[in-house]
There are 2 protein chains.
Amino acid sequence: MDLVISLESNNVLPLHRQLYEELRRAILSARLRPGERLPSTRALASSLGISRATVTQSYEQLISEGYLQGVVGSGTKVCVQLPDELLRTAPVKAAAAPQQQRKPQLTRYGQSLDDSVPLEPPEPELPINFKSGRPALEEFPLTQWRRLLLRHCRSDQAALLDYATNLRGLPELRHAIAEHVARSRAVRCTAEQVIIINGSQQAIDLITKLLIERGDTVAVENPGYLGARRAFLAQGAKLQPIPVDENGIVVERLAALPPQLVKLVYVTPSHQFPTGVVLPLARRLELLQWAETNGAVIIEDDYDSEFRYDSRPIPALQGLTENANVLYVGTFSKVLFPSLRIGYLVVPTSLTHVFARARWIADRQTPTLEQLALTDFIREGHLDRHLRRMRTLYDKRRQVLVRALRHHFGERVSILGENTGMHLMVRWQTKLPAEELVRRAAEAGVGIVSAALYYLERAPQDEFVLGYAGLSERRIQEGVRRLAKILS
Amino acid sequence: MDLVISLESNNVLPLHRQLYEELRRAILSARLRPGERLPSTRALASSLGISRATVTQSYEQLISEGYLQGVVGSGTKVCVQLPDELLRTAPVKAAAAPQQQRKPQLTRYGQSLDDSVPLEPPEPELPINFKSGRPALEEFPLTQWRRLLLRHCRSDQAALLDYATNLRGLPELRHAIAEHVARSRAVRCTAEQVIIINGSQQAIDLITKLLIERGDTVAVENPGYLGARRAFLAQGAKLQPIPVDENGIVVERLAALPPQLVKLVYVTPSHQFPTGVVLPLARRLELLQWAETNGAVIIEDDYDSEFRYDSRPIPALQGLTENANVLYVGTFSKVLFPSLRIGYLVVPTSLTHVFARARWIADRQTPTLEQLALTDFIREGHLDRHLRRMRTLYDKRRQVLVRALRHHFGERVSILGENTGMHLMVRWQTKLPAEELVRRAAEAGVGIVSAALYYLERAPQDEFVLGYAGLSERRIQEGVRRLAKILS
């Protein structure tokens, strides 16, 4: 055999790997031809001056990958049909050719999304960004999380990797969540009613598909969360804005609408987005009464109420009623981290079947490994511990922000919604238009968002949303100082 | 102070952790009352006979979690407002009360899903299950995968955990996929056209939302994949079944329909599901010509063509045209593992914007950690290596299955679609109705699926789908032996 094989003792690759690569290259470059016989392991080992075990190891790897075949009585040969030939098609031009296709006609759904209106407020990269909804990610116990991922990577491999057998999500996780929301949010449910999803946006999308027909009216808080509004609009809903005051959504304005006009109302009662105000118990009961009378469904989006600073929480709408249809939406994006993509939906028993199936049609299931790790994270107390730590941390940051705002702006600022969550809202006495203020703040390296974006009507120019959870105390102070300079 | 604290030297918990737990319990049970002063670290350490550092560590943990507060000049006190109070609402009844809600009116979408027709063939737990679409999960290099997950759990924590900045998915992964599909499938695209999604079902759901209006006609292979059909139906499409013969979808039957009736056609050209046949080049070109002429969009679902045994692959439809609109769908569910939930969609440039936004509205993004690990898995050659190994393994299992079928059934069986993928289809000469055969096989511990389920019309009673990728050679042989017993 003419084959020249060079192995290097100072190579980082072990010898059997070097030999494997050399032989594979020889086969692919046709120096070793299909059907050709290889030297015996003994002969090759002796000619290369390496151990026979090393050669055997390389041969076995190549056999398992389909380059070589071992034929009883006649040694090892190069396979006639090589795997790489089967893995590759004829080469194509590196760059795609200019496309000539006509753009297909989009549905009304598609048309509603095919514009340049942002799905979220723009997020420039700025040194001090008062971004709402961003947790203190550096504080997440990633070492602990990694340990839990690892643990399950060592468990029953087939069960871990195969499709889930339960359409609603991992039963253990659904139990852990049912207990968690009962204890922390007074949600009343069994694990059967819990459906694991990829975050709250998927909940809103599924609810819209199942309950909102094109032309139906959906009542939304004004101002309110953009992601929900876009999902309703895409599906063809008519939006009915309902004003929000210092006590949250003004239920009497809902009640003043024609009976049964509103099919669904979307609310954030624990920490209204973006104003941050909390819906008091009396209004909660009023809202539930209205929903029951009008046969309307309520979406209760509880995105960050785990962080409460000043008072005992008011029970979730879901737990206050046995008669109204409340769909409770929770997420781990804020209490753990956003890129995890796990949330949950608590639905009335009559709807569990259809929601589970709609979830399957959308994208089948949430990744199993993350569901397993999250189950342990909750069960073993890491979630409670992390929540306690973050509550303390965010409370400090919140206080620093409030103090800095009062110090620099005094009477010229009013602060709303600072008792819960990860952001608050300010009203500044200023003659600058909102956009101009945001622009000047960005020039000074400070990111703030005008609340005008969140209004469907009557957008004020003096309201801004300030997230503080992800910013250090020093940055918060420096940020407010810079804002004060701009506004003075 | 009356506090009794007991630490055990033979406890598995370290001392600082034991002390933390004891103090926390004392606070929560009000043995230590809100506002009460704790002993100094020095005093407590000396009274317990442990080091002062241990006490300090416990105090600091309790301070960080909001149980204690350190007051300058007056030592450490129990917080007035305890975190657990803020984390808990009033206790609720353990079991949910019987619900009185009326079930809300479902949309047409919801009604189409709210039935008992299975989304997939039933999957009883059987010792030998010829399940299609199930890879050899025990062979997945989980150790390698774990290593990649770990690596990224050590990278930039904030970037890993925060929301993605790119709506289409991780740019590095999109590049790696664009190269992979160019090389292995002759797909012609840039990374810009690749959109990362949660598996192929999400691709079908998104495409339907964006391109199929209620009442539009969608052509589907008959027989064909159920998940796609259910998604089209839920969205209100009219299904037009097109027959499949030994060469795949019969394009002339498409061409015989009224011009421009069909808005979208869903095909599995590389390995038709469930028949397993491959669409030859001539028919591919015919199909593309038809789509171009009729302004129809093609969904090319390429779910398992990475496994090819007998021939060089035919280029993907997507790579054969510059004029027709082909949406190419790929998944890692078969080549890696199903519970990963990562797939991709290659769309014409004119559609990337709206697809990225529709994905955001559906559930924002795919988890970042998995995207990072998958990028490295592809880039570092693990994917190619795993594909080669599995190809060899599946090829052996396939041959064992074919031989066993021929051995036991001889002329009474015809085999289709065995040259690619992870399953094949058989036609058995038998007088037993399909359901009866499936039932008897199950009684003998063998799972097989009748292809009748996959037909929209003219369902035959003699066709069955046999997946072999996930079964050992021994089980395959034993399974066929048992089937032969039933059929003889």
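Rules of the game
- Residues numbered from 1 in each chain as written.
- Chains lettered and ligands numbered in written order.
- Predicted model: local features only at pLDDT ≥ 70, side-chain atom pairs only at ≥ 80, totals over all residues.
- Heavy atoms only, no water.
- Helix = DSSP H or I, 4+ residues; strand = E, 2+ residues; numbered from the N terminus.
- Rg over C-alpha atoms; globule rule 2.2 N^0.38 Å.
- Buried < 20%, exposed > 50% of the residue type's maximum accessible area, 1.4 Å probe, protein only.
- Contact = heavy atoms within 4.5 Å.
- Areas by Shrake-Rupley, 256 points an atom, 1.4 Å probe, with all protein chains shown as cover.
- Lys, Arg positive; Asp, Glu negative; His and termini not counted.
- Charge placed at Lys NZ, Arg CZ, Asp CG, Glu CD.
- Salt bridge = Lys/Arg side-chain N within 4 Å of Asp/Glu carboxyl O.
- Buried area = accessible area lost by both parts, 1.4 Å probe.
- Polar contact = N/O pair within 3.5 Å; in protein donor to acceptor, adjacent residues only side chain to side chain.
- Nonpolar A, V, L, I, M, F, W, Y, C, P; charged D, E, K, R; others polar.
- Expected span 1.5 Å × (residues − 1).
- Pairing = 2+ DSSP bridges.
- Axes fitted to C-alpha atoms, helices over the stretch in contact; angles between N-to-C directions.
- Least-squares fit on C-alpha atoms with pLDDT ≥ 70 in both.
- pLDDT = per-residue confidence, 0-100.
- Phe/Tyr/Trp six-rings, centres within 6.5 Å; stacked < 30°, edge-to-face > 60°.
- Parallel < 35°, antiparallel > 145°, perpendicular 65-115°, else oblique.
- Left-handed = near helix turned anticlockwise from the far one by under 90°.

A. Geometry of the overall build of chain A. Assigned secondary structure in chain A consists of 17 helices and 16 strands. Taking 2.2 N^0.38 as the reference for a compact globule, 488 residues should give roughly 23 Å; the C-alpha atoms of chain A span a radius of gyration of 30 Å, well beyond that estimate. A burial count over chain A gives 60% of its 488 residues as buried. In chain A, 71% of the contacts between residues at least 6 apart in sequence involve partners at least 24 apart. Surface exposure of chain A reaches about 19000 Å², of which carbon and sulfur atoms provide 50%. Of the charged side chains in chain A, 62 are positive and 53 negative, and the gap between their average positions amounts to 3 Å.

B. Local environment of the pattern of salt bridges. Tallied over the full model, the rule gives 65 salt bridges over all chains. Across the pair Arg134(A) and Glu138(A) runs a salt bridge, and its minimum N-O distance is 3.6 Å. On the basis of relative accessibility, which here comes to 42%, the residue Glu138(A) falls in the partly exposed class. Three or more residues are tied together by salt bridges with common partners; here these are Lys131(A), Arg134(A), Glu138(A) and Asp162(B).

C. Quick peek at the interface of chain B and chain A. Across the boundary between the two partners, chain B contributes 132 residues, which contact 132 residues of chain A. Contact between chain B and chain A buries roughly 11900 Å² in total, counting both sides, with carbon and sulfur atoms accounting for 55%. The interface formed by chain B and chain A includes twelve salt bridges. Between the two partners, chain B and chain A, sit 43 residue pairs in polar contact (both at pLDDT 80 or more). Tallying contributions element by element places helix 13 (residues 352–363) of chain B first for the side of chain B that touches chain A, with eight residues. For the side of chain B that touches chain A, the per-class residue count stands at 53 nonpolar, 35 polar and 44 charged.

D. Structural view of helix 1 (residues 15–28) of chain A. All names here are of chain A. When the terminal C-alpha atoms of helix 1 are compared, their 20 Å separation across 14 residues agrees well with the 20 Å that a helix rising 1.5 Å per residue should span. Among the 14 residues of helix 1, ten are classified as buried, and the element is accordingly described as predominantly covered. Burial in helix 1 covers these residues: Arg 17, Gln 18, Leu 19, Tyr 20, Glu 21, Glu 22, Leu 23, Arg 24, Ala 26 and Ile 27. Note on helix 1: the residue one or two positions beyond its end, Ala 30, has a positive phi of about 70°.

E. Structural context of the sheet that holds strand 9 (residues 297–302) of chain B. Residue and element names in this part refer to chain B. Pairing is mixed across the open sheet formed by eight strands, whose spatial order is 4-11-10-9-8-5-6-7. Each end of this open sheet is capped by a strand with a single partner; those strands are strand 4 (194–197) and strand 7 (248–249). Judged from the four bridges that link them, strand 5 (residues 217–222) and strand 8 (residues 262–267) form a sheet pairing that is parallel. Paired with Val 218 across the bridge in strand 8 is Leu 264. Sheet strands touched by helix 8 (residues 171–185): strand 4, strand 9, strand 10 (325–331) and strand 11 (343–346). Its angle to strand 4, the strand with the most contacts, is close to 110°.

F. View of the relation of the copies chain B and chain A. If you rotate chain B by 180° and push it 0.0 Å along the axis, it lands on chain A with an RMSD of 0.1 Å. The two molecules are tied by a two-fold rotation axis, judged by turn and shift. Counting the interface residues of chain B, we find that 100% of their copies in chain A are interface residues as well, pointing to one common contact surface.

G. Spatial organisation of the sheet that holds strand 9 (residues 297–301) of chain A. Residues and elements named next belong to chain A. Spatial ordering of the open sheet is given by 4-11-10-9-8-5-6-7, a layout of eight strands whose pairing is mixed. At either end of the open sheet lies a strand with only one pairing partner, and these are strand 4 (194–197) and strand 7 (248–249). The sheet contact formed by strand 4 and strand 11 (residues 343–346) spans four bridges and is antiparallel. Within the sheet, the bridge partner assigned to Ile 196 lies in strand 11 and is Tyr 344. Where helix 12 (residues 281–294) meets the sheet, it contacts strand 6 (238–245), strand 7, strand 8 (262–267), strand 9 and strand 10 (325–331), and its direction lies at approximately 145° from that of strand 9.

H. Structural context of helix 6 (residues 142–153) of chain B. In a regular helix each residue adds 1.5 Å, so twelve residues correspond to 16 Å; helix 6 of chain B covers 16 Å between its end C-alpha atoms and thus fits that length. Counting buried residues along helix 6 of chain B, nine of its twelve residues qualify, which places the element largely inside the surrounding structure. Buried residues of helix 6 of chain B: Leu142(B), Gln144(B), Trp145(B), Arg146(B), Leu148(B), Leu149(B), Leu150(B), His152(B) and Cys153(B), and no others. On the buried face of helix 6 of chain B, the contacting elements are helix 6 (142–153), helix 7 (157–161) and helix 14 (368–379) of chain A together with helix 7 (157–161), helix 14 (368–379) and helix 15 (382–409) of chain B.

I. Structural detail: the environment of Ile249(B). All names here are of chain B. Relative to the assigned elements, Ile 249 resides in strand 7. Look at Ile 249 and you get buried, because its relative accessible area is 1%. As for Ile 249 and Arg 284, which are separated by 35 residues in sequence, their C-alpha atoms are 9.5 Å apart. Contact partners of Ile 249, with chain neighbours within four places excluded, come to Glu 221, Ile 242, Pro 243, Val 244, Val 265, Val 267, Leu 279 and Arg 283.

J. Expanded view of the confidence of the model for chain A. Residue and element names in this part refer to chain A. Here chain A shows a mean pLDDT of 91. Residues at 70 or above account for 95%. This stretch, residues 91–96, has a pLDDT under 50; its non-local contacts, to residues over four places away or in other chains, come to nine contacts. Across the predicted assembly, pTM comes out at 0.86 and ipTM at 0.86.

K. The packing of aromatic side chains, seen in detail. Enumeration according to the criterion identifies 26 aromatic pairs over all chains in this entry. Centre to centre, the rings of Phe140(A) and Trp145(A) are 6.1 Å apart; their planes meet at 65°, and the pair counts as edge-to-face. With relative accessibility at 4%, the residue Phe140(A) sits in the buried group. For the ring pair Phe273(B) and Tyr454(B), a centre distance of 5.1 Å and an interplane angle of 85° mean the geometry is edge-to-face.

L. A look at the packing of helix 9 (residues 200–211) of chain A against helix 10 (residues 226–234) of chain A. Residue and element names in this part refer to chain A. Interaxial distance between helix 9 and helix 10 falls to 9 Å at its minimum, and their mutual angle equals 25°. Compared by their axis directions, helix 9 and helix 10 come out roughly parallel. Considering the relative orientation of helix 9 and helix 10, their crossing is right-handed. Contacts from Gln 201, Ile 204 and Thr 208 in helix 9 reach Gly 227, Ala 228, Ala 231 and Phe 232 in helix 10.

M. Looking closely at the environment of Thr375(A). Residue and element names in this part refer to chain A. Inspection of the secondary structure puts Thr 375 in helix 14. C-alpha separation for the pair Thr 375 and Val 265, spaced 110 residues apart in sequence, amounts to 31 Å. Only 2.7 Å separates the side chain of Thr 375 from the backbone oxygen of Gln 371, close enough to count as a polar contact.

N. Quick look at the side chain of Glu300(B). All names here are of chain B. For Glu 300, the position within the fold is in strand 9. Summary of buried charges: Glu 300 has no salt-bridge partner, and the nearest side chain of opposite charge, Arg 284, is 4.4 Å away. There is a polar contact of 2.8 Å between the side chain of Glu 300 and the backbone nitrogen of Leu 317. Beyond its immediate chain neighbours, meaning those up to four positions away, Glu 300 contacts Val 267, Pro 269, Arg 284, Ala 316, Leu 317, Gln 318, Val 326, Leu 327, Tyr 328 and Val 329.

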